[in-house]
Amino acid sequence: MKNIAVPTLSTAERDRRWDLTRAFMAREGLDALLVFGEHEDSGPARVAYDTWLTNERPGTTVVFPRDGEPIVHLPGPMFILDHLESNRRGDRSWIPPRNLRASRTSTQIADTLAELGLSRENIGVVGLGAHLPWHPEGILPHTLWSRVLDKLPNVEFRQMDIAVALMTMRLGDEEIPLVRRSAEIGDAMVQAMVDTAGPGVSEAEVYAAGMAEGFRRGTLPAAMHLWSGRDPVASGIPAWGYRAQTPRALADGDVIYAEVFSQFGGRHTQHQVTIAIGDVHEDFWRAGDVAQQSYHAGLATLRPGRTFGDVVEAMHAPLDAHDGQMYLIAAHSINALLAAGKNRADISLLPGAEAYPPVHAHPTFMADLVLEPGMCFILEPQYAFGRHLAHVGGTVIVTEDEPIALSPLTSEVLRARR
């Protein structure tokens, strides 16, 4: 594939983000932010507010004083070598070498805060609070944080995870093209899977086709979720990815369920995929119609001034009007992943579920979040008649008027080409 022009971020976008951050600290009465980033290999929904501030490799710890430039603590020497090589090639780094630190231990963090005169100040922390869905009680290692507290007894640390996430949710003018590019890549990944799937083809071949298309188009997508069979209801990375077993061969009458994760420039999209192979049970198409009704109900409600809870309720109305089941949430926010739809926990209706711990229903998280232009959401309704389940949907952006639906390809059940 030839090199093509792609959107990039300028220093104007850096200044927009840093100005937002300084205004946020002034409003909250903070002297600095201490932002912990999750490891780059952690998969979808990584806690990566460090990259929002730095436009650099994920997994750093950022100290951002209200009256100065951010200091970035790196996990190891390889990060320094990467930064040096990028500068040698002419990349525009937001963080100059003088503001890098070679480690992110508790001692180094305390030394930086002392160097900046922040040993007796009010500091907001990102990493202590909930980050859905994987980290309901934060990402900070207990030992590291305990030592930071011991070394800085006069600092008032305040948990600011949700507040910072809200600050980042409204995309800037330069970020929307990144999300569009991510969605284009994600759709290409899905199309490659549709073109590859067919009777006798290994699940692994379909998986490889999708991931390879993401790599070919110049990004590193997180590992997708994928299961197949005549009536599967699973959701996650394929079992052969963590268990010693052979990927199954697809057959006529199978369906493939996949969650495809794409990203470009640190902005993410998600694509909900159901692929029918040959002559599948008619209930898959019925379930797909119901899920599609839910998707369009969400789109019709996604308007500035409405709440996220309004969107969730609108999406559940067609789901509740039929006699099937839903097993997962129908919507959540992305960029940042903060708000999540309600779950009725109907998984308990599945045969054999009585042998497993109960899955409890939960209400919508952040139902009162008021929608603003530039916010991103995933509309991902799934519905099942018995074990015949269809999952559709993708990424949408709130605008001043009609929302932008970035993944029309996955708004319906797809047919394998073979």
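Note that the structure is predicted; figures quoted are calculated from it, not measured.

A look at the sheet that holds strand β3 (residues 71–73)
Thought 1: The mixed open sheet is built from 6 strands, whose spatial order is β4-β3-β2-β1-β5-β6. Strands at the two margins of the open sheet, each flanked by one partner only, are β4 (100–101) and β6 (156–159).
Thought 2: As judged from the 3 bridges shared by strand β2 (residues 61–65) and β3, these two strands associate in the antiparallel manner. Looking at β3, one finds that V63 is bridged to I71.
Thought 3: Helix α4 (residues 106–115) rests against β1 (32–36), β2, β3, β4 and β5 (122–126) of the sheet, and its axis sits at about 170 degrees to β3.

Some thoughts on helix α10 (residues 308–320)
Each α-helix turn comprises 3.6 residues. Residues three or four places apart therefore point the same way.
Thought 1: The end-to-end C-alpha separation of α10 is 18 Å, in line with the 18 Å expected for 13 residues at 1.5 Å each.
Thought 2: Those residues of α10 lying buried are F308, G309, V311, V312, A314, M315, H316, P318 and L319.
Thought 3: Contacts made by the buried residues of α10 are with α9 (282–301), β10 (331–334), β11 (376–379) and β12 (382–385).

Section: the packing of helix α1 (residues 11–28) against helix α6 (residues 161–168)
Thought 1: Two elements in contact, α1 and α6, have axes separated by 11 Å at closest approach and are oriented at 140 degrees. With respect to α6, the element α1 is oriented oblique. Crossing of α1 over α6 shows right-handed handedness. Contacts between α1 and α6 pair L20, T21 and F24 from the former with A163, V164 and M167 from the latter.
Thought 2: Tallied by class, the residues present in the contact of α1 with α6 amount to 5 nonpolar, 1 polar and no charged.

Notes on empty space enclosed by the protein
Thought 1: One pass over the full model with this rule turns up 1 cavity of 30 Å³ or more.
Thought 2: Empty space within the largest cavity amounts to approximately 30 Å³.
Thought 3: As for the largest cavity, its lining consists of T21, L33, Y49, W52, L53, V164, M167 and T168.
Thought 4: Secondary structure elements with two or more residues in the lining of the largest cavity: α2 (49–54) and α6.
Thought 5: Grouping the amino acids of the lining of the largest cavity by side-chain chemistry returns 6 nonpolar, 2 polar and no charged.

Some details on the layout of surface pockets
Thought 1: Put simply, the second largest pocket is a space of about 270 Å³.
Thought 2: Taken together, 19 residues form the lining of the second largest pocket, with V233, A234, S235, G236 and L328 sitting closest to its centre.
Thought 3: Residue composition of the lining of the second largest pocket, grouped by class: 12 nonpolar, 6 polar and 1 charged.

Some remarks on the environment of R181
Thought 1: In this structure, R181 sits in helix α7 (residues 176–196).
Thought 2: Judged by relative accessible area, which is 8%, R181 ranks as buried.
Thought 3: Taking C-alpha positions, R181 is 36 Å from A244, a pair spaced 63 residues apart along the chain.
Thought 4: Those residues in contact with R181 that sit more than four places away from it in its chain are I4, V6, P7, R217 and F264.

A look at the environment of L140
Thought 1: With respect to the helices and strands, the residue L140 is situated in the loop between β5 and α5 (142–151).
Thought 2: For the pair L140 and V126, spaced 14 residues apart in sequence, the C-alpha to C-alpha distance is 9.0 Å.
Thought 3: Setting aside its immediate chain neighbours within four residues, L140 contacts F36, V125, G127, L128 and W145.

Digging into α7
Thought 1: Between its terminal C-alpha atoms α7 stretches 31 Å, which fits the 30 Å expected from 21 residues at 1.5 Å a residue.
Thought 2: Taken across its 21 residues, α7 has 15 buried, putting it largely inside the fold.

Observations concerning the domain arrangement of the chain
Thought 1: Here the chain is described as being made up of domain 1 (11–169) and domain 2 (174–415).
Thought 2: Placing the centre of domain 1 and that of domain 2 at their C-alpha centroids yields a distance of 31 Å.
Thought 3: Residue-level contacts link 16 residues of domain 1 with 16 residues of domain 2.
Thought 4: Approximately 1,400 Å² of surface area, both sides summed, lies buried where domain 1 meets domain 2, with 65% of it carried by carbon and sulfur atoms.
Thought 5: In terms of surface lost to domain 2, no three residues of domain 1 exceed P44, L132 and M169, which account for 45% of the buried area on that side.
Thought 6: Connecting domain 1 to domain 2 are 2 salt bridges.

Cut-off values and rules
- Residue numbering note: each chain is counted from 1, following its sequence as written.
- Local features in a predicted model are, by the rule used here, given only for residues with pLDDT of at least 70; side-chain atom pairs are given and counted only at 80 or more, and totals for whole chains, interfaces and linings are based on all residues.
- Hydrogens and water are ignored here; the side-chain numbers use all heavy atoms of the structure.
- At least two bridges found by DSSP between two strands are what make those strands a pair.
- The numbering of helices and of strands both runs from the N terminus, where a helix is a DSSP run of H or I of at least 4 residues and a strand a run of E of at least 2.
- Throughout, a contact is declared for two residues whenever any of their heavy atoms are within 4.5 Å.
- Inter-axis angles, ranging from 0 to 180 degrees, are taken between N-to-C directions of lines fitted to C-alpha atoms, where helices are fitted over the stretch in contact.
- One less than the residue count of a helix, multiplied by 1.5 Å, gives the span that helix is expected to have.
- Residue exposure (1.4 Å probe, protein chains only): buried if accessible area is under 20% of the type maximum, exposed if over 50%, otherwise partly exposed.
- Here is the rule for angles: anything less than 35 degrees is roughly parallel, anything more than 145 is roughly antiparallel, 65 through 115 is roughly perpendicular, and the remaining ranges are oblique.
- Each helix crossing is assigned a hand: it is left-handed if the near helix lies turned anticlockwise from the far helix by less than a right angle, otherwise right-handed if that turn is clockwise.
- By the convention adopted, Pro, Cys, Tyr, Trp, Phe, Met, Ile, Leu, Val and Ala count as nonpolar, Lys, Arg, Asp and Glu as charged, and the other residues, Gly among them, as polar.
- Of the grid points, spaced at 1 Å and generated over the protein atoms alone, those admitting a 1.4 Å probe that cannot get out make up cavities, while open sets with protein on both sides within 12 Å along at least five of seven lines make up pockets; any residue with an atom within 4 Å of a point is treated as lining.
- Grid points are joined across faces, edges and corners, and a volume is the space filled by probe spheres set on the points.
- Residue ranges for the domains trace back to a domain assignment, done automatically or taken from a database.
- When two parts are brought into contact, each loses some accessible area as probed by a 1.4 Å sphere; the total of that loss over both is the buried area.
- Each salt bridge in this description consists of a side-chain nitrogen of Lys or Arg and a carboxyl oxygen of Asp or Glu lying within 4 Å of one another.

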